Amino acid sequence: LLLVAPLRYRPNLEGLRTFLALAWPGLRQAFPALRLSVLAGQESERFWDSNQVPDGVELVDGYVDPAPYYVRASLALNPQHAVEGSALKLAEAMAHGRVVVSTESGARGYESLAADALVRVPDVVSMGPSIANLLANPEQRWHAEAKARSAIGSWSWQPRADRLAALINHLVHR
């Protein structure tokens, strides 16, 4: 599993702590080899305080290229429950061809996106069963992954830049 969540942003820190308390123990019991990589940003250990990182969880400190982490991940997560703005981590995960399981609150800003690659659940507790289902049914996950990039593609900068360039071209040449 992969969570891109700089811990300096309080909703990321709170979401991770809640996920590790409420969903992680059951997932580890069902899938003992399961691992969670958290791309936690600069000085993540300072924000994590002295809380011990649970077995199977890796806090990656600093800024790193997320691409190799997405390649290794079965799923991406967003356990935020108090979000201001929209979570770019959802678009990034789908652009990397991954299914992302997110709380409804964490999926704020993506209400109009209907995609199998974005699994919305009411709260962090509900993430556990959804993640377990996707891990236990890889064909279902692979089917959603196959559509992930195209589902988010229209949200990327390029289509918007193309429309803006066409508008500027039209205005200049009228």
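For the structure, check the block above.
Since the model is a prediction, treat every value here as computed from it, not as a measurement. (Residues numbered from 1 in each chain as written. Predicted model: local features only at pLDDT ≥ 70, side-chain atom pairs only at ≥ 80, totals over all residues. Heavy atoms only, no water.)

## Examining unusual backbone geometry
1) Next: Backbone geometry places E43, a non-glycine residue, at a positive phi of 55°.
2) Next: In this fold, E43 is placed in the loop between strand 2 (36-41) and helix 3 (44-48). (Helix = DSSP H or I, 4+ residues; strand = E, 2+ residues; numbered from the N terminus.)

## Observations concerning the packing of aromatic side chains
1) Next: As enumerated under the stated definition, the model contains one aromatic pair in all.
2) Next: Plain terms: the ring middles of F19 and W24 are 6.4 Å apart, the flat faces sit at 45° to each other, and that makes the pair tilted.
3) Next: Just above the ring of Y69 sits the side chain of R72; from NZ or CZ to the centre is 4.6 Å. (Phe/Tyr/Trp six-rings, centres within 6.5 Å; stacked < 30°, edge-to-face > 60°. Lys NZ or Arg CZ within 6 Å of the ring centre and 35° of its normal.)

## Comments concerning the nonpolar core
1) Next: Counting residues in hydrophobic clusters, the biggest one holds 30 residues, and the most contacted among them are L16, F19, L36 and I131.
2) Next: Among the nonpolar cores identified, the runner-up in size contains 22 residues, and A73, A87, M94 and A107 belong to it. (Core = buried A, V, L, I, M, F, W, Y, C linked by side-chain atoms within 4.5 Å. Buried < 20%, exposed > 50% of the residue type's maximum accessible area, 1.4 Å probe, protein only.)

## Side note on the pattern of salt bridges
1) Next: Evaluated as defined, the whole model comprises three salt bridges.
2) Next: Among the salt bridges present, the one from E145 reaches R98, with a minimum N-O distance of 3.4 Å. In this pair, E145 sits in helix 7 (residues 138-153) while R98 sits in the loop between helix 5 (88-95) and strand 5 (100-103), placing the two residues 47 residues apart along the sequence.
3) Next: Residue R141 is joined to E145 by a salt bridge in which the shortest nitrogen-to-oxygen separation is 3.8 Å. Highlighted residues: R141 and E145, both in helix 7, separated by four residues, approximately one helical turn.
4) Next: Exposure remark for R141: the relative accessible area of 8% places this residue in the buried category.
5) Next: Look at E145 and you get buried, because its relative accessible area is 14%.
6) Next: A network of salt bridges, in which partner residues are shared, links R98, R141 and E145. (Salt bridge = Lys/Arg side-chain N within 4 Å of Asp/Glu carboxyl O.)

So yeah, pure geometry; function would need other evidence.
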